[in-house]
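# Overview (structure and organization)
Listed below are the residues making up each chain.
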Amino acid sequence: MADLYDNVFCEVNGGLLAEAAEIETRLESDITQIKTIVKGFAGISPGALVRMVTIKSPVPISGPEFDFEKAMATSTPVALRLTLGTSGKQVTMSQAYVIGPVSMATGVGKAT
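Every chain is numbered on its own, with residues counted from 1 as its sequence reads. With the structure being a predicted model, the display of local features is reserved for residues of pLDDT at least 70 and the display and counting of side-chain atom pairs for 80 or more, all residues being used for whole-chain, interface and lining totals. In computing side-chain values, all of the structure's heavy atoms are included and hydrogens and water are not.

### Let's talk about the overall build of the chain
Helix and strand definitions here come from DSSP, where helices need a minimum of 4 consecutive H or I residues and strands a minimum of 2 consecutive E residues; each element is numbered from the N-terminal end. Across its full length, the chain holds 1 helix and 8 strands. Along the chain, helices (α) and strands (β) appear in the sequence β-β-β-β-β-β-α-β-β when read from the amino end. Relative to the globule expectation of 13 Å for 112 residues, the C-alpha radius of gyration of the chain, 19 Å, shows a markedly less compact shape. Projected onto the principal axes, the alpha-carbon positions of the chain cover approximately 65 × 50 × 35 Å. For the chain, buried positions account for 14% of its 112 residues. Put simply, the chain shows about 8700 Å² of open surface, and 56% of that area lies on carbon and sulfur atoms. One finds the centroid of the 9 positive side-chain charges in the chain at a distance of 9 Å from the centroid of its 11 negative side-chain charges. We take the radius of gyration over the C-alpha atoms and set the globule estimate at 2.2 Å times the residue count to the 0.38 power. Three labels apply to residues, based on accessible area from a 1.4 Å probe with only protein chains included: buried if under 20% of the type maximum, exposed if over 50%, partly exposed otherwise in between. Every accessible area reported is derived by Shrake-Rupley at a probe size of 1.4 Å, with residue values counting cover from the shown protein chains alone. The charge count includes Lys and Arg as positive and Asp and Glu as negative, but it does not include His or the ends of the chains. To locate a charge, the coordinates of NZ of Lys, CZ of Arg, CG of Asp or CD of Glu are taken.

Right, dumping it as C-alpha cells:
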C-alpha cells in the first residue's frame with residue numbers, strides 16, 4: 001500500500017497563494033560550534049533561528065497574487081502562515097520580511 005503525503009499551503013497577509021506550485025521552508029541558524037584544544041568539539045553557542053521560505057508560482061495574466069517586489073523594495077513586514085493540509089499544523093510568522101531574490105523567468109512552453 002502506498003503512503004500518503006501532505007501538502008503545505010501558504011498565506012501572505014491572510015490571502016492564500018492559490019497559484020503556488022512549489023513551497024520550500026527551512027530553519028536556519030548561526031549556531032557556532034565551540035572547539036577547544038583539549039576537548040576538541042566542546043559544544044555549541046546558540047544563535048538566532050531564522051525561517052526561510054521559497055515560493056515558486058506561475059503568474060496569472062491578471063498579475064501576481066502578492067506583490068513581493070514591492071514588499072522587498074519598501075522593507076514592509078508581512079504576515080506569513082504555512083499550513084499542512086491534512087494535519088492542520090501551522091507555522092505563523094507575524095512579522096516576516098521579503099529578503100529576495102524576487103525573480104521572474106519565462107521561456108517557450110513555460111508558465112511565468
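Let's pick the thread back up.
### Side note on the pairing of strand β7 (residues 78-84)
The side chains of a regular strand alternate, first on one face of the sheet and then on the other. Pairing between strands is defined by DSSP: at least two bridges between the two strands are required. Both strand β1 (residues 8-12) and β7 contribute to a ladder of 5 bridges, which runs antiparallel. Within β7, the position partnered with Cys10 by the bridge is Leu82. Relative to strand β8 (residues 90-96), β7 is paired through 5 bridges, and the arrangement is antiparallel. Looking across to β8, one finds that Thr83 is bridged to Gln90. Connecting the antiparallel pair β7 and β8 is a turn made up of 5 residues, with Gly88 showing a positive phi of about 80 degrees.

### Some points on the pattern of salt bridges
Any two side chains of opposite charge can pair if their charged atoms end up close together. Any Lys or Arg side-chain nitrogen located within 4 Å of an Asp or Glu carboxyl oxygen qualifies as a salt bridge. One pass over the structure, following the stated rule, counts 3 salt bridges. For Arg26, the salt bridge goes to Glu24, with nearest N and O atoms at 3.4 Å. Judged by relative accessible area, Arg26 falls into the partly exposed class, the value being 32%. Note that Arg26 is salt-bridged to Glu28, the shortest N-O span being 2.8 Å. In this structure, a network of salt bridges that share partners links the residues Glu24, Arg26 and Glu28.

### A few points about unusual backbone geometry
A cis amide bond, omega 5 degrees, links Gly100 with the succeeding residue Pro101. Mapped onto the elements of the fold, Pro101 is located in the segment after β8. Even without glycine at this site, Asn13 takes up a positive phi of about 50 degrees. In the Ramachandran plot, Ser75 falls in the positive-phi region, its phi being about 50 degrees despite a non-glycine side chain. With respect to the helices and strands, the residue Ser75 is situated in the loop between α1 (68-73) and β7.

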